Amino acid sequence: MAIPFPWTSVVVDEGWLNKNRELAYRYMKCGTEAIVYLKRNRADSERIISKYMKITDAKLAATEFDFVSSLMPDYIAPTLEGTKLILENFGKEYPDALKRDPKEFVDGSIIDRLKNERFVEGLKY
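### Overview of the packing of aromatic side chains
So, step 1. Enumeration over the complete set of coordinates arrives at zero aromatic pairs.
So, step 2. Seen from the ring of Tyr25, Arg113 lies directly overhead, with NZ or CZ sitting 3.5 Å from the centre.

Laid out in structure tokens, this is it:
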């Protein structure tokens, strides 16, 4: 559908992030590794999908794996386009949201650190 997705499943207060940057970094490492594991271990991922989605049809589990793995980038970086979309939606109820710059709400420094460390490239499965 080409809708910009913000990848904002992790939202924290800026003050908290400043005080807990290393914890946030470790959390993002875990999430990144989970995504890479899913994408590199199809059989195991299909088994896990089947279990938690209560799917008994192997073809359906394979289809779900294809769908999910195609959507997930290795590094789940926040996007300014996705954040802008959220602000536009908030703008219906809070007109001031339309005046805000998406950059105020996005801190990609942790993902940038993981990319600079070539974290994904170093994972062995």
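### Notes on helix H5 (residues 80–90)
So, step 1. Within H5, the full set of buried residues consists of Gly82, Thr83 and Leu87. What you see down the axis of H5 is that its buried residues fit within an arc of 140°, all on one side.

### Some remarks on the packing of helix H2 (residues 21–40) against helix H3 (residues 42–53)
So, step 1. Where H2 contacts H3, the axes come no closer than 6 Å and their chain directions differ by 105°. Considered as vectors, H2 and H3 are oriented roughly perpendicular to each other. Residues Tyr37, Leu38 and Arg40 of H2 form the contact with H3, whose own contacting residues are Arg42, Asp44 and Ser45.
So, step 2. Grouping the amino acids of the contact of H2 with H3 by side-chain chemistry returns two nonpolar, one polar and three charged.

### Quick look at the pattern of salt bridges
So, step 1. Per the counting criterion, the structure on display carries ten salt bridges.
So, step 2. Here Asp107 ties to Arg21 by a salt bridge, and the two come within 3.2 Å at their closest N and O atoms. Here Arg21 lies in helix H2 and Asp107 lies in the loop between H5 and helix H6 (109–116), a separation of 86 residues in the sequence.
So, step 3. We classify Arg21 as partly exposed; its relative accessible area is 30%.
So, step 4. A single salt-bridge network, built from bridges that share partners, covers Glu22, Arg113 and Glu117.

### Some thoughts on the nonpolar core
So, step 1. With 14 residues, the main nonpolar core has Met28, Tyr75, Ile110, Ile111, Leu114 and Phe119 as its most contacted residues.
So, step 2. Looking at this core, the elements with two or more residues in it are H2, H6 and helix H7 (119–122).
So, step 3. The element contributing the most residues to this core is H2, with five residues.
So, step 4. Look past the residues within four positions of Phe119 in its chain and what remains in contact with it is Lys29, Thr32, Glu33, Tyr75 and Leu114.
So, step 5. Formed by five residues, the second largest nonpolar core is a distinct cluster that contains Ile49, Ile55, Ala61 and Phe65.

Definitions and limits used
- Residues numbered from 1 in each chain as written.
- Predicted model: local features only at pLDDT ≥ 70, side-chain atom pairs only at ≥ 80, totals over all residues.
- Heavy atoms only, no water.
- Phe/Tyr/Trp six-rings, centres within 6.5 Å; stacked < 30°, edge-to-face > 60°.
- Lys NZ or Arg CZ within 6 Å of the ring centre and 35° of its normal.
- Buried < 20%, exposed > 50% of the residue type's maximum accessible area, 1.4 Å probe, protein only.
- Helix = DSSP H or I, 4+ residues; strand = E, 2+ residues; numbered from the N terminus.
- Arc of directions from axis to C-beta.
- Axes fitted to C-alpha atoms, helices over the stretch in contact; angles between N-to-C directions.
- Parallel < 35°, antiparallel > 145°, perpendicular 65-115°, else oblique.
- Contact = heavy atoms within 4.5 Å.
- Nonpolar A, V, L, I, M, F, W, Y, C, P; charged D, E, K, R; others polar.
- Salt bridge = Lys/Arg side-chain N within 4 Å of Asp/Glu carboxyl O.
- Core = buried A, V, L, I, M, F, W, Y, C linked by side-chain atoms within 4.5 Å.

The values reported here are purely geometric and, on their own, carry no functional implication.
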